[in-house]
Protein chains: 2
Amino acid sequence: MQQEITFFQRDVLKEKPDTASLGFGKYYSDYMFVMDYHVENGWHDPRIIPYAPLTLDPAAMVFHYGQAIFEGLKAYKSADGTIQLFRPEKNMKRLNDSCDRLCIPQIDESFLLSAIKQLIFTEKDWIPDGEGTSLYIRPFIFSTEPYLGVRPANQYKLLVILSPSGAYYGDQLSPVKIYVEEQYVRAVIGGVGHVKTSGNYAASMKAQEKAEANGFAQILWLDAKENKYVEEVGSMNIFFKINGEVVTPKLNGSILPGVTRDSVIELLKYWNIPVHEAKISIEEIFAAHERGELEVFGAGTAAVISPVGELNWNERSITINDNKIGQLSQRIYEEITGIQIGKKADPFNWTVKVAPVEV
Amino acid sequence: MQQEITFFQRDVLKEKPDTASLGFGKYYSDYMFVMDYHVENGWHDPRIIPYAPLTLDPAAMVFHYGQAIFEGLKAYKSADGTIQLFRPEKNMKRLNDSCDRLCIPQIDESFLLSAIKQLIFTEKDWIPDGEGTSLYIRPFIFSTEPYLGVRPANQYKLLVILSPSGAYYGDQLSPVKIYVEEQYVRAVIGGVGHVKTSGNYAASMKAQEKAEANGFAQILWLDAKENKYVEEVGSMNIFFKINGEVVTPKLNGSILPGVTRDSVIELLKYWNIPVHEAKISIEEIFAAHERGELEVFGAGTAAVISPVGELNWNERSITINDNKIGQLSQRIYEEITGIQIGKKADPFNWTVKVAPVEV
């Protein structure tokens, strides 16, 4: 059922931050989209309202039993002023996959996408100009019912907030140092690693803190059962180019199915570069490096492509591609970001335009 | 540093619910304890204030990255009106263990315990009378900083709320049917299963829902690596009596170290009943049943002792102890609840009295 979205105008708009000082996730736009769920009447009362604090009971179940999921995507402004999204239907679908695993009621994907478009159009002046910038879109759902028994809640809130973001890597890509984690794990088969739920991120912080204290930018997670197979890096998926072929860990139920991951695979196929999804041991990666054939990069919404310059595993450290940006990493980065901001042709129909909506 | 706890009086007290209708986690008392953390000035502003909704930014990190931990303990009123807690220092210690794993700043355990005592004394009229009832105490901490980057937050809130609870099992214990889960897992070594963080509970709901749909009260979780070894049942620890000896899964980093679990072990030792902590396969349990020697019970704060009457694993179903309460389960239940409510001697010094505090 398509519902009417109510709009509440705010009196005074916020001052917009300088593009140069944006960073990530620090500023929020003037409006947000909100919708409520109650077991008795489903998702209801969709509205675009001024960005403002939420009021929650201290017993709201999210604080205690963590039913909380989210998505992350971006709106881009092209040179001619067109606003576009990148494969947003994949995020809507994954949001529902997360709902399913966390026992949260399903949302109407096309309705939410139209609500997001309406919100973005309302907030179009918040989309920053400038190389590498975008308007980050954060849809999220959490349980609100005040109750201390452990069970799925009967009440939820869905919000979409917008945050203008700066370029992830100033002027150009720069390779990162990665620590291969053996003590802590991110997720396990049968768990929730394949969906975007808040607990995955909370669980990852301890290892990330340890890695940073040792001078590494990110963690490379291994599988939890054998501590042997590569899963993801930080909050990105990971790709290896070995001997002219590209390989990325196969989705196994504990790896997040990234939208950028999927786009990289599609792009490589389109370019006729062999690409495989497979179970890859960290040992194989180190062996490939000894043969001198390795290029490594992460793929995710935040950085798009993140070249890896160093891998440190179990006291062994390897420098990859002389700590320089790999040719393939650079090519994929330019292609995907080019499509996202409308500078390159989009043979895949990945981009979705945000046109004026009747309010 | 011991800090002064500010007290804000409310104008009108709530009406107290009927003892008969209490249930669990539905009603909250008149006051709550609150304390805030900021990276620049640590934990500060401890206060007892009227129970009221919280105000949080939509970007508050708890909604997105799930840094949220909690504890659960109870206050009991003895026949002579004495108010007592059961081993609360164990909960304070475990709260800090949870803080550590989730990158949340440590709290001053003795200060928090004194604050809890002061809150309970203020709310003493909320401790229900009547067999099996208690005042449930829920301390919890979550991240409040508005920020969308993934890292430990710089701001947190600690609250303690109180909820009068009814008897878990009406008049007497009653055995429950348990489903041994093979598809979903609760936790894995290297993860967060050994601490009380919200994400563990969110992740458990899908399997619990499936079990309930099939007529089972609870899940028995197996280890995530081999799907073979017993971990915990629902949100309790589990014990097996086999051939006159008692065994419970050894704490391995994915099992929650329950306060009731520890108390059962101590009690059995005191009674000279052999008790072991060991790695136990589900296969061994079914084999023990074939030899006719099995008694099974769960142990946790909510139900104290929960006899298991049926186990269903992989299409095999066994009835335990003729679906009757085991002698040992009954004896432990009576001893622990007797100590908790001051009806029995407390040779372990487990109980802590809540005496008037200068406000």
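Residues numbered from 1 in each chain as written. Chains lettered and ligands numbered in written order. Predicted model: local features only at pLDDT ≥ 70, side-chain atom pairs only at ≥ 80, totals over all residues. Heavy atoms only, no water.

S.K.: Talk me through the overall build of chain A; I want residue IDs and the actual numbers.
M.R.: Along chain A, the regular secondary structure elements total seven helices and 19 strands. Here the C-alpha atoms of chain A give a radius of gyration of 21 Å, agreeing with the 21 Å that 2.2 N^0.38 yields for 359 residues. Each of the three principal axes of chain A carries a C-alpha extent, and together these read 60 × 55 × 35 Å. The buried share among the 359 residues of chain A stands at 60%. Of the contacts made within chain A by residues no fewer than 6 positions apart, 71% connect residues no fewer than 24 positions apart. A total of about 14,200 Å² of accessible surface is found on chain A, and carbon and sulfur atoms cover 46% of it. For chain A, the distance from the average position of its 36 positive side-chain charges to the average position of its 46 negative side-chain charges is 2 Å. (Helix = DSSP H or I, 4+ residues; strand = E, 2+ residues; numbered from the N terminus. Rg over C-alpha atoms; globule rule 2.2 N^0.38 Å. Buried < 20%, exposed > 50% of the residue type's maximum accessible area, 1.4 Å probe, protein only. Contact = heavy atoms within 4.5 Å. Areas by Shrake-Rupley, 256 points an atom, 1.4 Å probe, with all protein chains shown as cover. Lys, Arg positive; Asp, Glu negative; His and termini not counted. Charge placed at Lys NZ, Arg CZ, Asp CG, Glu CD.)

S.K.: Go over the relation of the copies chain B and chain A, please, and point to the residues and values.
M.R.: Of the two same-sequence chains, chain B is brought onto chain A (RMSD 0.0 Å, axial shift 0.0 Å) by a rotation of 180°. Expressed as an axis order, the relation between the two copies is that of a two-fold axis. Taken as a fraction of all interface residues of chain B, those also at the interface in chain A reach 100%, which identifies the copy contact as same-surface. (Least-squares fit on C-alpha atoms with pLDDT ≥ 70 in both.)

S.K.: Go over the pairing of strand 11 (residues 218-222) of chain B with me, naming the residues and quoting the values.
M.R.: Residues and elements named next belong to chain B. The element strand 11 is largely enclosed, with a buried count of five among its five residues. Residues of strand 11 alternate between two faces, with Gln-218, Leu-220 and Leu-222 on one and Ile-219 and Trp-221 on the opposite face, all of them buried. Bridge count between strand 10 (residues 176-181) and strand 11: four bridges; the pairing is parallel. Bridging from a neighbouring strand, Tyr-179 pairs with Ile-219 of strand 11. Once the chain exits strand 10 it traverses helix 4 (residues 198-213) before rejoining the sheet at strand 11, and the crossover so formed is right-handed. By the bridge criterion, two bridges tie strand 11 to strand 12 (residues 230-233) in an arrangement that is antiparallel. Of the residues in strand 12, the one forming a bridge with Leu-220 is Val-233. (Pairing = 2+ DSSP bridges. Right-handed = clockwise from strand over helix to strand, strands pointing away.)

S.K.: Residue-level account of the pattern of salt bridges, with values.
M.R.: Residue and element names in this part refer to chain A. Applying the stated criterion to the full structure yields 34 salt bridges over all chains. For Asp-262, the salt bridge identified is with Arg-87, shortest N-O distance 2.9 Å. One end of the pair, Asp-262, is in helix 5 (residues 259-270); the other, Arg-87, is in the loop between strand 7 (83-86) and helix 2 (88-101), with 175 residues separating them in the sequence. Arg-87 sits in the buried class, given a relative accessible area of 8%. Beyond isolated ion pairs, a larger network of salt bridges with shared partners links Asp-36, Asp-45, Arg-47 and Lys-157. (Salt bridge = Lys/Arg side-chain N within 4 Å of Asp/Glu carboxyl O.)

S.K.: Please give an account of the environment of Gly149(B) that cites residues and values.
M.R.: Position of Gly149(B) relative to the elements: it lies in the loop between strand 8 (134-143) and strand 9 (155-165). Between the C-alpha atoms of Gly149(B) and Met61(B), which are 88 residues apart in sequence, the distance is 8.8 Å. If near-sequence neighbours (up to four positions away) are discounted, Gly149(B) is found in contact with Phe24(A), Met61(B) and Tyr65(B).

S.K.: Just give me the short version of the interface of chain B and chain A, but keep the residues and values in it.
M.R.: Interfaces are often sized by the accessible area lost when the parts come together. Taken together, the contacts link 58 residues of chain B with 58 residues of chain A. In this assembly, chain B packs against chain A so that about 4,900 Å² is buried in total across both faces, 66% of it on carbon and sulfur atoms. Put simply, chain B and chain A have two salt bridges between them. Here Asp100(A) makes a salt bridge to Lys206(B), at a shortest N to O gap of 3.0 Å. Remark: the boundary between chain B and chain A carries 24 residue pairs in polar contact (both at pLDDT 80 or more). Only strand 4 (54-56), helix 1 (61-65), strand 5 (68-70), helix 2 (88-101), strand 8, strand 9 and helix 4 of chain B provide two or more residues apiece to the side of chain B that touches chain A. For the side of chain B that touches chain A, the leading source of residues is helix 4 of chain B, giving eight residues. When its residues are assigned to classes, the side of chain B that touches chain A shows 37 nonpolar, twelve polar and nine charged. (Buried area = accessible area lost by both parts, 1.4 Å probe. Polar contact = N/O pair within 3.5 Å; in protein donor to acceptor, adjacent residues only side chain to side chain. Nonpolar A, V, L, I, M, F, W, Y, C, P; charged D, E, K, R; others polar.)

S.K.: Describe unusual backbone geometry, and please don't skip the residues or the numbers.
M.R.: Residues and elements named next belong to chain A. One non-glycine residue with positive phi stands out, namely Asn-321, at about 50°. For Asn-321, the position within the fold is in the loop between strand 18 (316-319) and helix 7 (327-340). For Asn-321, a relative accessible area of 33% translates into the label partly exposed. One non-glycine residue with positive phi stands out, namely Asn-323, at about 60°. Turning to its location among the elements, Asn-323 is positioned in the loop between strand 18 and helix 7.

S.K.: Requested: an account of the UniProt feature "modified residue: N6-(pyridoxal phosphate)lysine" (unreviewed entry) in chain A, with residues and values cited.
M.R.: Residue and element names in this part refer to chain A. Mapped onto this structure's residue numbering, the UniProt feature "modified residue: N6-(pyridoxal phosphate)lysine" (unreviewed entry) falls at Lys-196. Of note, Lys-196 is situated in the loop between strand 10 (176-181) and helix 4 (198-213). The contact partners of Lys-196, leaving out residues within four places of it in the chain, are Ala-68, Ile-69, Phe-70, Glu-71, Arg-94, Ser-98, Tyr-201 and Leu-256. (UniProt positions renumbered as here; feature names shortened; annotations may be inferred.)

S.K.: If you had to explain the packing of helix 2 of chain B against helix 3 (residues 109-122) of chain B to someone new, which residues and values would you point to?
M.R.: All names here are of chain B. In contact at an axis separation of 10 Å, helix 2 and helix 3 are set at 130° when each is read in the N-to-C sense. In this view, helix 2 runs oblique relative to helix 3, as classed from their interaxial angle. Along this stretch, helix 2 crosses helix 3, giving a crossing that reads as right-handed. Contact with helix 2, carried on its side by Pro-88, Glu-89, Met-92, Lys-93, Leu-95 and Asn-96, involves Glu-109, Leu-112, Leu-113 and Ile-116 of helix 3 and no other residues of that element. When grouped by side-chain class, the residues that make up the contact of helix 2 with helix 3 number six nonpolar, one polar and three charged. (Axes fitted to C-alpha atoms, helices over the stretch in contact; angles between N-to-C directions. Parallel < 35°, antiparallel > 145°, perpendicular 65-115°, else oblique. Left-handed = near helix turned anticlockwise from the far one by under 90°.)

S.K.: Explain the domain arrangement of chain A residue by residue, including any values.
M.R.: Residue and element names in this part refer to chain A. Domain annotation for chain A reports domain 1 (6-167) and domain 2 (176-340). Once you take the C-alpha centre of each, domain 1 and domain 2 turn out to be 27 Å apart. Contacts between domain 1 and domain 2 engage 19 residues on the former and 20 residues on the latter. Buried area between domain 1 and domain 2, summed over both chains or domains, comes out near 1,700 Å², and the portion from carbon and sulfur atoms is 57%. Summed over the shared surface of domain 1 and domain 2, the number is two salt bridges. Where domain 1 meets domain 2, there are 14 residue pairs in polar contact (both at pLDDT 80 or more). (Domains from an automatic or database assignment.)

S.K.: Let's hear about the packing of aromatic side chains: which residues, and what values?
M.R.: In total, this model carries 35 aromatic pairs over all chains according to the counting rule given. Ring geometry for Phe7(A) and Tyr31(A): centres 5.1 Å apart, planes at 40°, overall tilted. Of this pair, Phe7(A) sits in strand 1 (residues 6-7) while Tyr31(A) sits in strand 2 (residues 31-38), placing them 24 residues apart in sequence. Consider the rings of Phe70(A) and Tyr201(A), whose centres lie 5.1 Å apart with planes at 55°: the pair is tilted. One end of the pair, Phe70(A), is in strand 5 (residues 68-70); the other, Tyr201(A), is in helix 4, and 131 residues separate them in sequence. The same class applies to Phe70(A) and to Tyr201(A), which are both buried. Through successive ring pairs, a cluster of aromatic residues spans Phe63(A), Phe140(A), Phe142(A), Phe63(B), Phe140(B) and Phe142(B). (Phe/Tyr/Trp six-rings, centres within 6.5 Å; stacked < 30°, edge-to-face > 60°.)

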